[in-house]
Structures are given as C-alpha cells and as structure tokens.
Amino acid sequence: MTTPGSSPRSRALLALSSALLLLLAQPPFGLLPLPFLALVPLGMGLERLPPGSRSLGTGALMGLGFGVAFWGSSLIWVLTQVAPTFSWAYPGFGLLMVLLGGLSALFSWGYLQLRRGAGVPVALALPLAWVGVEWIKAHFPLGLAFPWLGLGVSLTGQPELLGLAEWTGEAGVSFWLAGVNGLVVVAIQGGREGRIRGWLLALMAAMLPSVLGIARAETLELGEGPRVAVVGTEVPRSLRGEPEAYAREALEQVRLALDEERRAPPRTEGWGAAPDPASLASIDLLLLPEATLPLPFESAEARPYRDALEEVARELDTPLLVGTQGQIPEEGVTNAILLLSPEGRAVDRYDKIRLVPAMEGGYVRGEGTRVLGADGVRAGPLLCYESLFGVLARKAAARGADLLVNLSSDVWFGRGASGIKSLFLHQHPAHLVLRAVETRLPVARAAHGGFSLVLDPLGRPVGPSLPPGEGAGVLVTVLPKASGTTLFTRTGDLVGRGALLLSLLLVALSRRRRPAGDSLVVP
C-alpha cells in the first residue's frame, strides 16, 4: 500500500511548496513565520519515503526539484537584468542551477543518511544536513563560493531576532531555524499526544532565541561613534565600456549631491542629528560607491578624476573612501577601495579578495584582509559581493575596525526599489544585517544603483536609506557604536564546520555498523 503523500506527484508538490515558502521567507518579502516553516513540506516528503536504498535517489531528486525551483526564482534577476548586458549570464545561470540544485539534492541525500542510517532524530538531522550544505556552498573551491541567501538571511527583516548570530554567526541562526522546522515536521506527523507535545517544543524552540535576541537589543548599550557621509549614485548603464565618461558622470553626481546636502536644513533628532546647517563640515569619513573611478588610480587617464577626488577630500577636510582600481606589479589590476587623507593624499588601499565569478575575470585577487584607518576612524572594507562573507567582517572586527563599510555597484543587477527588477537590490544588502549583528559593528553602505544605507550594531537601519531609482543623494549620520568583541569575532564559524564534520562522522559510523546488503530503514 502506498504511504500517504509518497506518490511522485505529492512528492513534487511538497518540494515545490517548500521552495515557494522559502522564497517568500527571504528578502524582499520576509514573511513571518515562514523562516520557521519553509522546510517543513520537504521534510515531510522525505520522511514519507518508503524504506530501502532507492529512497536515497528519490530523496535526492526531491531536493534537486526544490533547489532548482527556489534558486531559479530567487536568482531570476540573472536572466532579466544581467543577461541583456553580459551574455555569459545565460550559461552562468545554468551553472548556478547545476551547482545549487546539486547541493540541494545533497542536503536531501544527507538528511536521509542521517535519519535512516545513523538514526538521528528529525530535529537534529535536518539542521545538521542543511547547515553542512550551507557551509559547502560558502566554501566551494575554484572561486565559486556563493553564500547567497542562507536560511539565516530570512530573518534580516527582523534584526532583533538575530541576536544568536553574535555568538554563533549566520550558521547558528540557520541551524536554529532548520531545527525548528524539524520539530514542526515531528509535530505534524506524531499522534495526538505527540502532536501537542511537538508543537509546544517547536514553539519554545522558536521563542527562546527570539526572546534572547530581543532582550539583547534592549540592553546593549550604544554610544556615539564617528559621523559619516554616504553618497549614492546612479550612472547610466549606457556608459559601460567608457570608463572616462563614467568617471565624469559619477563625480559630477557626487559633486551635485554634496552641494545639495550643504544647502539642506539641519537634522535635529536621533542618531542622524547634525550639529549645524553645515553638517558636511563635521564628518569623520566620506564614502563613495564602488567603481566611482573605474580606472587604475595612478594612471595618466585617471589624473583629472583623481584631482577631483583629492579636491573633495580637501574641501571637506575629511578622509574619503572611494571605489577605484589598483595595480599589483607584475600581476594586474584589482578592484579596490582607496583611502584619501583629509589633505587629499592616497594613504592606503584595499584590494578585493572575493571576486564575482565571470563578471570580475579581468581583475586579480587582493592579498589579504586589512583595516583602512585615518584620523582615528578604522574601517573594515567589504567590497560589493564580499558582504556575503562573514569571515571577512570577522577578521576586520578582530583587527580593530570601528565600522564596516560596503562600497557596491548594483546597477547591473536590478532597477528601481520595487517589483521583480528589484529582487537583487533587496537581497544583496540584507546580508549586511547579519554582518552587523555578528560583529556588533555599525555598517555604512554606499551604492551605485542600489540601496545606500547605515545600520547600527543591532542590524537596524539608522534613519532612511537612499533607494535606487531616485538619483544621487547623501546620507549624513552619527554611527551608534557598541563596546567589546563578540564571541563570533573571537572564535569564527564553529557551527558551520561542526555541522558538516558531525554529519560526515555520523554517516561514516553508520555505514561501518550496517551489515552488507542491509537497506536503509526508518528508525
């Protein structure tokens, strides 16, 4: 007799249901309580598979369908926004579906191995398999690491609930959410008494870290940090391939935005309060987006634009961080953040370490994480896509950064602040919420064609953001700061590595104990 819900059609529906729920849990939708429920249909489908080794292949196919459906819809911007400009995006999208769909299949296969081979309970097997695969995705070799939209990112719309990340990092949040999903699977599939007990356990597991996070947000003492100005720009896509024309337009937008800010009335409330009408006269750091000067900074072609940037720094008498290009002798050009002193001198540079596959093939990798400091302000640089990597933010915090800065160019990946064309523009900066909570550092983001914003050490927005589609603008704000160093900053990602290693160990031990020819059975 067929187990209820075990037909091919019902399995497909359960996998697709999980994909849809997870899509709606992630930015820009962020619908609660879906982060705690999105994996439940897939988990139920895997639990209902009949005994036997063939279930491993069937489960892997369910995971593959789930992965292709979720990632295909979440990354649709690759086809709609990137592909019309970059032809490599079509095969790139196919490669992403192979890799991400394959990892989702690996999750289902690993889950079944833990459940049926090692006898691990649902509420532990599900987070072990999920977080182990997330760790692989974030550390994939050949430059293909892609820690995009981990399960923990689904809670970034409610940053007060993310307090766990201060101790465990993003992986700990994913483990918690996946564990609650597992408890819900148990509750749904138990008998009457088991169902009541299961739902109570699931509710308690969801509430306890949430309450701790909210309590931490209420009790964390925040002081007054540096005053920063963040400039957002929107250079037309048509200037791609014309770096000098691009630089002229970008710097003209910067100049106009700063002039408009000088004429703006003072802000008198909250962290964003300015002490006088000339708010720009008192800033400690100015941020300009990635690739504001898309030429090697010391090249002859860059001279007039370099002079213009140096003049901005001198006029405002403040350090300036700007996206440009660097050069490593005998290696090539880097995607870089340059630090100008208040006197307009280039005093330090960060070269991007994590390059976007295919899109940044013309750059060489930087040589290591560093902190850019001038006039008492120490900034931990995260250049565009590097905001996905908690390890980079952690290293910057461990080296004494006062804030994290993210310079980004998002114009190739989306348009506007709403609708399907804006999916990437919401997904990308959401990762910075986790970086703020993990390190308890404020974050300032200057974007070209995306959201420019400021976050406090709790991951909450400080004042309004500068949305895409509304032209260039400036945010001037005092950054809240917290004291001390987080446990995650000191220890790193123990949960992600631990989940993968424990999963491998349990599966290996179960295979050694299993007699030859034995089929997998549900414990």
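Above: the structure in question.
In this report, we go over the structure that sits alongside the text. Predicted, not measured: the structure shown is a model, and the values here were computed from it. Within any chain, residue numbers begin from 1 and follow the written order of that chain's sequence. Totals for whole chains, interfaces and linings use every residue, but because this is a predicted model, local features are given only for residues with pLDDT of at least 70 and side-chain atom pairs only at 80 or more, for both listing and counting. Remark: hydrogens and water are excluded; side-chain values derive from all non-hydrogen atoms of the structure.

### A short note on the sheet that holds strand S10 (residues 453–455)
- Spatially, five strands are ordered S6-S7-S8-S9-S10 in an open sheet, and the strand pairing comes out mixed. Two strands in the sheet have a free side with no partner beyond their single neighbour: strand S6 (372–374) and S10. The sheet shows a mean angle of 25° between the axes of neighbouring strands, direction not considered.
- As paired strands, strand S8 (residues 403–409) and strand S9 (residues 443–448) are joined by six bridges and run parallel to one another. Residue serine 409 lies in a different strand from S9, and its bridge partner there is histidine 448. In this scheme, strands are said to pair when DSSP sees at least two bridges between them. Note on conventions: DSSP H or I runs of at least 4 residues are helices, E runs of at least 2 residues are strands, and numbering of each starts at the N terminus. Geometry is summarised by axes, namely lines fitted to C-alpha atoms with helices restricted to the contacting stretch, and by angles between N-to-C directions that run from 0 to 180 degrees.

### Things to note about the packing of aromatic side chains
- Centres within 6.5 Å are what make two rings of Phe, Tyr or Trp a pair, Trp counting through its six-membered ring; a difference in plane orientation under 30 degrees is then read as stacked, over 60 as edge-to-face, and the rest as tilted. As enumerated under the stated definition, the model contains 15 aromatic pairs in all.
- Consider the rings of phenylalanine 36 and tryptophan 176, whose centres lie 5.5 Å apart with planes at 75°: the pair is edge-to-face. With phenylalanine 36 in the loop between helix H1 (8–25) and helix H2 (40–47) and tryptophan 176 in helix H7 (residues 165–189), this residue pair connects regions lying 140 residues apart in the sequence.
- Given the relative accessible area of 9%, phenylalanine 36 is considered buried.
- When the ring of tryptophan 77 is compared with that of phenylalanine 424, the centres are 4.7 Å apart and the planes differ by 65°; the resulting orientation is edge-to-face. Within this pair, whereas tryptophan 77 is found in helix H4 (residues 77–82), its partner phenylalanine 424 is found in helix H12 (residues 423–439), the two being separated by 347 residues in sequence.
- Exposure remark for tryptophan 77: the relative accessible area of 6% places this residue in the buried category.
- Buried residues are those whose accessible area, probed at 1.4 Å on protein chains only, stays under 20% of the maximum for their type, while exposed residues exceed 50% and partly exposed ones sit between those limits. Residue classification places phenylalanine 424 among the buried positions, given a relative accessible area of 4%.

### Some remarks on the side chain of serine 503
- Tracing the backbone shows serine 503 in helix H14 (residues 494–513).
- Within the structure, the side chain of serine 503 is placed 3.4 Å from the backbone oxygen of leucine 128, a separation counted as a polar contact.
- Contacts are assigned to residue pairs with any non-hydrogen atoms lying within 4.5 Å of each other. Contact partners of serine 503, with chain neighbours within four places excluded, come to Leu114, Leu128 and Ala129. Any pair of nitrogen or oxygen atoms within 3.5 Å is treated as a polar contact; in protein, a donor-acceptor pairing is required on top of that, and neighbouring residues in sequence qualify only through side-chain atoms on both sides.

### Looking at the sheet that holds strand S11 (residues 473–481)
- The strand order across the open sheet built from six strands is S5-S4-S3-S2-S1-S11, with neighbouring strands paired in mixed fashion. Looking at strand neighbours, the two that pair on one side only are strand S5 (346–351) and S11, the edges of this open sheet. Along the sheet, successive strands turn relative to each other by an average axial angle of 40°, direction set aside.
- Sheet analysis places strand S2 (residues 285–287) next to strand S3 (residues 320–328), joined by two bridges and oriented parallel. Bridged to leucine 286 within S3 is leucine 320.
- Helix H9 (residues 243–263) contacts strand S1 (223–232), S2 and S11 of the sheet and is inclined by roughly 65° relative to S11.
- Along the sheet, helix H10 (residues 303–316) contacts S2, S3 and strand S4 (332–340); its crossing angle with S3, the most-contacted strand, is approximately 145°.

What is shown is where atoms sit, not what they do.
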